[in-house]
Amino acid sequence: MKKLKLKEYKIDLKEYGPMVLESLIKIKNEMNPTFTFRRSCRERICSSCAMNIDGCNGLACLTKIASSEAGTSMIMPLPYMFMIKDLLVDMMNFYNQYKSIEPWLKWKSLTTELDGKEIKQSKKDRAKLDGMYECILCACCSISCLRYWWNPESYLGLAALLHANRRCVEADRFPNLIDSGVSIEYLGHHAD
Ligand code: SF4
Ligand code: FES
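Presented here is a report on the structure given in the accompanying data block. Positions within a chain are numbered from 1, following the residues in the order the chain's sequence is written. For this description, chains carry letters from A and ligands carry numbers from 1, given in the order in which they are written. Given that this is a predicted model, residues contribute local features only at a pLDDT of at least 70 and side-chain atom pairs are listed and counted only at 80 or more, while totals for whole chains, interfaces and linings are drawn from all residues.

## Things to note about the pairing of strand β1 (residues 50-53)
Being paired, for any two strands, means DSSP has found at least two bridges between them. By the criteria applied, helices consist of DSSP H or I runs no shorter than four residues and strands consist of E runs no shorter than two, each listed in order from the N terminus. Strand direction decides the pairing type here: β1 and strand β2 (residues 56-59), joined by four bridges, are antiparallel. If you follow N52 over to β2, its bridge partner there is N57. Alignment of β1 against strand β3 (residues 75-76), held across two bridges, turns out to be antiparallel. Of the residues in β3, the one forming a bridge with I53 is I75.

As structure tokens, then:
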């Protein structure tokens, strides 16, 4: 197995913005073109820039570099995931766990009473999703959990459970028409 090494880069923060992602882009563009990491939106939408920054999992586009007093930041890949290269990790297990809860609303039968009509959502029902719809699936919470480290095959992780709960809340609006795809027994089995 190849031994992992930390590499140090010196960045003049006056030249670039304060966020970790800006410095990583500078390193890739000007110092090491083979340096590998994911990024896309640069504004907390795509979730692709999740990594471990100074010991905490977070998004590189939202986290300031050199937040430590020493003026250095230690950037690592997300922990307890298979590393592909540099800061790039294999997210497949995490996505498969999300897929396993079937995170969509399912019609109980193909011929429904709604017959293609629009399903309106009240403000009250919409408010029930506060705290659940904001997740961008970055994996930072799931991968911070000890239980997830030790049982990544059987414990779905916090993000998948959050989305499963959201589908249950959404499905509550249509008890006769829609199946959330997730049963309470299923959630309990995977969470205990
Ligand atoms: S709930 Fe977890 S996976 Fe979703 S955005 Fe927050 S930290 Fe990331
Ligand atoms: S680059 Fe998209 S969330 Fe950071």
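## Some details on the site of ligand 1
Only the C-beta atom, placed from the backbone, is used; a residue is near a molecule or strand if that atom lies within 6 Å of it. Close to ligand 1 lie C135, I136, L137, C138, A139, C140, C141, L158, A159 and L162, which account for all nearby residues. For this classification, the nonpolar set comprises Ala, Val, Leu, Ile, Met, Phe, Trp, Tyr, Cys and Pro, the charged set comprises Asp, Glu, Lys and Arg, and every other residue, Gly included, is treated as polar. Residue composition of the shell around ligand 1, grouped by class: ten nonpolar, no polar and no charged.

## Some details on helix α2 (residues 92-100)
The exposure scheme places C-beta atoms from the backbone and then counts, for each residue, the other C-beta atoms within 10 Å of its own, assigning buried at 20 or more, exposed at 12 or fewer, and partly exposed in between. Listed in full, the buried residues belonging to α2 are F94, Q97 and Y98. The arc that holds the buried residues of α2, viewed along the axis, is 100 degrees, so those residues lie on one side. Exposed residues lying more than 90 degrees from the buried face of α2 are M92, N96 and K99. By definition, residues are in contact whenever their C-beta atoms, placed on the basis of the backbone, come within 7 Å of each other. In this structure, the buried side of α2 is in contact with α5 (158-171). E102 lies just past α2 and shows a positive phi near 50 degrees. Within this analysis, the arc is defined by the directions that extend from the helix axis to the C-beta atoms.

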